[in-house]
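Letter by letter, the chains look like this.
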Amino acid sequence: MSTPTKVAAFLIALAAVFGIALGIGKLVDPASEPAATHDGGHDPSSAGADEEPKPPGGLMVSQNGYTFTLADRQARPGRDVGVSFTIDGPTGKPVTEYDVEHEKRLHLIAVRRDFTGFQHVHPELSSKGVWSTNLDLTAGQWRLFADFKAADAEALTLGTDLAVDGDYRPEAPGDETRTAKVDGYTVTLDGELTPGADSKLTLDVSRDGKPVTDLQPYLGAYGHLVALRAGDLAYLHVHPDGTPEDGKTKPGPEVVFYAAVPSGGTYHLYLDFKHDGVVRTAAFTVSTGKAAPAEKGEPSDDHGGH
Ligand SMILES: [Cu+2]
């Protein structure tokens, strides 16, 4: 199929242009910061269309000159604990200009490192570039992910740890979980995760045994799925198949996603969906199939519908 080939060709072309730009930068001005050459080198529209597995996000606190800086890396446990942070840009100053993605300028995901307490919130941005929100925090080590796209830069997910005081007893690692129950809803997950390929995942939402066919749009889709890798909490790229506006995507009971997992292993998936005006989260644990370990093989499966 041609899309991966096109993407690969684009990346090679991009690497060539980028390499030349770096070379020129060095010739003209040995003191120029390499980070400065990031400006203008990327076509923002390509980021969402990239279907090749990229290095996972969320593992680094600083990338491409952008740094995720918590005002305080420790917190007390409690409900509605105030948390604030900045995304510091290549100049060292907090970024104040962001592009909107999935209807928000920044998505903050918080999860305790034993995969309990998942939250997906949208902080407020001050004119000085300080983001603020409230989180429900229990004792333990938390991982925070900032998923954003600074204006004129590449989309990034940066991750940082937040230590929450108190006695901490980690939750035992769970078995594979493909059915989640939340507030009277049952959500089932169907599909296999295949390393190195876009894996189709179908989530089916019902309430009291009846399919839910009137899901409400949330963040421009009928659901928002976050996937985290067990072991390092790598934050993986997942995109929904279809949007509420496309005239063909139905508002449930099925919501389809494509997830790109970079390696075999266990993944924790969190589906945010909206119904009757309330956003709820269904949590799953899925291990990859015994897929062929070929690293460079043709993607074997069902890209078809998207
Ligand atoms: Cu969000």
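Owing to the predicted nature of the structure, the values given are computational and were not obtained by experimental measurement.

Each value, and the rule that gives it
Residues numbered from 1 in each chain as written. Predicted model: local features only at pLDDT ≥ 70, side-chain atom pairs only at ≥ 80, totals over all residues. Heavy atoms only, no water. Pairing = 2+ DSSP bridges. Helix = DSSP H or I, 4+ residues; strand = E, 2+ residues; numbered from the N terminus. Donors = N, O, S within 2.8 Å, 3.2 Å for Na, K, Ca; no water. Buried < 20%, exposed > 50% of the residue type's maximum accessible area, 1.4 Å probe, protein only. pLDDT = per-residue confidence, 0-100. Contact = heavy atoms within 4.5 Å. Salt bridge = Lys/Arg side-chain N within 4 Å of Asp/Glu carboxyl O. Phe/Tyr/Trp six-rings, centres within 6.5 Å; stacked < 30°, edge-to-face > 60°.

Overall, antiparallel pairing links the 5 strands, which are arranged E1-E2-E4-E8-E7 in an open sheet. A strand with exactly one partner marks an edge of an open sheet, and here the two such strands are strand E1 (62-63) and strand E7 (124-125). Where E1 lies against strand E2 (residues 66-70), 2 bridges are found, and the strand directions are antiparallel. By the bridge assignment for E2, Ser62 is matched with Thr67.

We now examine the coordination of the copper ion. In the first shell of the copper ion, the protein supplies His107 (ND1), His120 (NE2) and His122 (NE2), at 1.8 to 2.0 Å from the metal. Counting along the primary sequence, the residues that act as donors to the copper ion give the motif H-x12-H-x1-H. Taken as a pair, His107 in strand E5 (residues 106-112) and His122 in the loop between strand E6 (119-121) and E7 lie far apart in primary sequence, 15 residues in all. The class for His122 is partly exposed, based on a relative accessible area of 22%.

Scored by pLDDT, the chain comes out at a mean of 84, with 77% of its residues at no less than 70. This stretch, residues 295-306, has a pLDDT under 50; its non-local contacts, to residues over four places away or in other chains, come to 16 contacts.

Our next topic: the environment of Ala110. When you line up the elements, Ala110 lands in strand E5. Its relative accessible area of 1% is what places Ala110 among the buried residues.

For the rest of this paragraph, the subject is the pattern of salt bridges. Side-chain pairing between opposite charges can occur once the charged atoms of the two side chains come close. Taken as a whole, this structure holds 11 salt bridges when the rule is applied. In this structure, Arg79 and Asp136 form a salt bridge, with 3.3 Å as the shortest nitrogen-oxygen distance. Separated by 57 residues along the polypeptide, Arg79 in strand E4 (residues 78-88) and Asp136 in strand E8 (residues 130-137) bring together distant segments of the chain. Arg112 is the salt-bridge partner of Asp114, the closest N and O atoms lying 2.7 Å from each other. Salt bridges sharing common partners tie together Arg113, Arg143 and Asp161.

Before going further, it helps to examine the packing of aromatic side chains. All chains considered together, the criterion is met by 8 aromatic pairs. For the ring pair Phe85 and Trp131, a centre distance of 6.5 Å and an interplane angle of 15° mean the geometry is stacked. Note that Phe85 is positioned in strand E4 and Trp131 in strand E8, a separation of 46 residues in sequence. The class of Trp131 is buried, set by a relative accessible area of 1%. Where Tyr98 meets Trp131, the ring centres are 5.1 Å apart and the plane angle is 70°; that geometry is what we call edge-to-face. Of this pair, Tyr98 sits in the loop between E4 and E5 while Trp131 sits in strand E8, and the two are 33 residues apart along the sequence. Considered together, Tyr98 and Trp131 belong to a single accessibility category, that of buried residues. Among the aromatic residues, those joined into a cluster by ring pairs are Tyr66, Phe68, Phe85, Tyr98, Trp131 and Phe148.

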